[in-house]
Amino acid sequence: MSKDCITKKEEYVLKKLKNGKKVTVRQLQEEILTIMDEIDRVCRKNKIEYCLIAGSALGICNYKGFIPWDDDMDICIKKEDWDKFVEAMDKDLKDDFYFHCFERDTKYNVLIPSMKVRKKNTYIQEVNYLLENRCEGDGIFIDVVIYDNIADSKFKDEVARTKIKLLMPLMVFLDNLGFRAAWLKRIILKKATKYGRKHKDSKYTSQTIAIPWEKFMHEPVFLKEDVYPFKEYEFEGRKYYSYNNIEKVMKEWYGPNCLKKWNGKEWEETLPKEKRKPKHIANINLTSDIPDVNKKNKGSNLVRGITVAVFILLLSLLLFNDFSLKLLGLGIMFIGISIILFIDR
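As the structure is a prediction and not an experimental result, all values here were calculated from the model. (Residues numbered from 1 in each chain as written. Predicted model: local features only at pLDDT ≥ 70, side-chain atom pairs only at ≥ 80, totals over all residues. Heavy atoms only, no water.)

Some remarks on the packing of aromatic side chains
Under the convention used in this document: Ring pairs shown here join Phe, Tyr and Trp side chains whose ring centres sit within 6.5 Å, with only the six-membered ring taken for Trp; geometry is labelled stacked below 30 degrees between planes, edge-to-face above 60, and tilted in between. To sort residues, take the accessible area from a 1.4 Å probe on protein chains only and compare it with the maximum for the residue type: under 20% means buried, over 50% means exposed, and anything in between is partly exposed. Whether a charge sits over a ring depends on NZ of Lys or CZ of Arg being within 6 Å of the ring centre and within 35 degrees of the ring normal.
Using the criterion set out here, one finds 11 aromatic pairs in the structure. Ring geometry for tyrosine 228 and phenylalanine 230: centres 5.3 Å apart, planes at 55°, overall tilted. Judged by its relative accessible area of 9%, phenylalanine 230 is buried. Through a chain of ring-to-ring contacts, the aromatic side chains of Tyr147, Phe222, Tyr243, Trp253 and Tyr254 assemble into a single cluster. Sitting over the face of the ring of tyrosine 228, lysine 78 holds its NZ or CZ atom 5.3 Å from the ring centroid. The lysine or arginine in question, lysine 260, covers the ring of tryptophan 267, its NZ or CZ lying 5.0 Å from the ring centre.

Put into structure tokens, the structure is as follows:
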């Protein structure tokens, strides 16, 4: 590896096994690379442009590869190439891999990344208290998001995203009660597509407004000239694509101090040590698609419990009679039990 990057790397443990062995972030990264190699192959074969984004792009700048504690990988595909990309994955993806997206399975939730490309014979459980995987297969994955046109006005863009955010409670409510709600997902995707077309002549781009998880007025948005055309960079001894002006985009996303600094002897990390830790994984198995230990995601129980409680509280308000007080008490009890069970995790 060249010397114009951080070379000092520590080990980060994801899981300790009963036999004394451990699963490390580095081992996971090596498996993720096999997925990325396959995505890269399919995209190059079909002349589809892709781009490493978020922490994966920051890793290019600082490490010429993965950030040592980064336990996931993210890429984007331009909206105009999306249908072609889905078809290419259908046609050319090798048997060792599979993918989930709404276009191929309406159980897939459109509020999360637009696609997950997974590896067979592996297992991962995300730290996700709101939306669990409803599709078949829980292999380790790479997140793929759509990049589309957005409004030149930051305020107008946030208004459009807020409209989607207002649909989130209903989407989460239906999902946790087991409803597929494909009709609602199509409404969200239709709104996102219409928004992108409306602003096709804008100067800015970002991930589709269908993914609404960023804080208010904190959505990372970038000038198209800084994002496109994608350029090749070194990543773990390979060549992958990322932003045209990658350092500028990273500073706008993570702040002016996100890039490596020279201490007089070597390049060093600027992120405080207490923040250097993996954060996306609750359970993992890199040798089988079956978890060696079942860890139930109790966060979803919290959501279900509060969902039932809110329904009971609303019913008590609608009835507005002597029985309402009993329902009100029952609703409050459900909330309390749900929170206690959640804390007990």
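Thoughts on the packing of helix α5 (residues 168–176) against helix α6 (residues 182–198)
The following threshold applies: Under this scheme, a helix contributes an axis fitted over its contacting stretch, all axes are lines through C-alpha atoms, and angles between N-to-C directions fall in the 0 to 180 degree range. In this description a helix means any DSSP run of H or I spanning at least four residues, a strand means any run of E spanning at least two, and both kinds are numbered starting from the N terminus. In this scheme, roughly parallel covers angles under 35 degrees and roughly antiparallel covers those over 145, while 65 to 115 is roughly perpendicular and the rest are oblique. Each crossing gets its handedness from the near helix: less than a right angle anticlockwise from the far helix is left-handed, clockwise is right-handed. Two residues qualify as a contact provided that any one of their heavy atoms is within 4.5 Å of a heavy atom in the partner residue.
At a minimum axis distance of 10 Å, the contact between α5 and α6 shows a crossing angle of 150°. On the basis of their axis angle, the class for α5 and α6 is roughly antiparallel. Crossing handedness for the pair α5 and α6: left-handed. On α6, the residues touching Leu170, Met171 and Leu174 of α5 are Trp183, Leu184, Lys185 and Ile188.

A few points about the nonpolar core
The criterion, for reference: Here the nonpolar core consists of buried residues drawn from Ala, Val, Leu, Ile, Met, Phe, Trp, Tyr and Cys, with membership extended through side-chain atoms lying within 4.5 Å.
Among the nonpolar cores identified, the biggest contains 66 residues, and Phe85, Met115, Tyr243 and Met250 are the most heavily contacted of them. For this core, the element with the highest residue contribution is helix α1 (residues 25–45), accounting for nine residues. In this structure, Val110, Leu111, Ala151 and Tyr195 belong to the second largest nonpolar core, which totals 23 residues.

Points about the pattern of salt bridges
A side chain with one charge may pair with a side chain of the opposite charge, provided their charged atoms come close. In plain terms, the rule: What counts as a salt bridge is simple: a side-chain nitrogen of Lys or Arg found within 4 Å of a carboxyl oxygen of Asp or Glu.
This model, assessed by the stated rule, comprises 24 salt bridges. The partner of aspartate 37 in a salt bridge is arginine 238, with the nearest N and O atoms 2.9 Å apart. Residue aspartate 37 is located in helix α1, and its partner arginine 238 is located in strand β12 (residues 238–242); the two are separated by 201 residues in the primary sequence. We classify aspartate 37 as partly exposed; its relative accessible area is 28%. Owing to a relative accessible area of 28%, arginine 238 belongs among the partly exposed residues under this scheme. Here lysine 45 makes a salt bridge to aspartate 92, at a shortest N to O gap of 3.0 Å. Placement of the pair is lysine 45 in helix α1 and aspartate 92 in helix α3 (residues 82–92), with a sequence separation of 47 residues. Residue classification places lysine 45 among the exposed positions, given a relative accessible area of 51%. Through salt bridges with shared partners, a single network forms among Arg26, Glu30 and Glu236.

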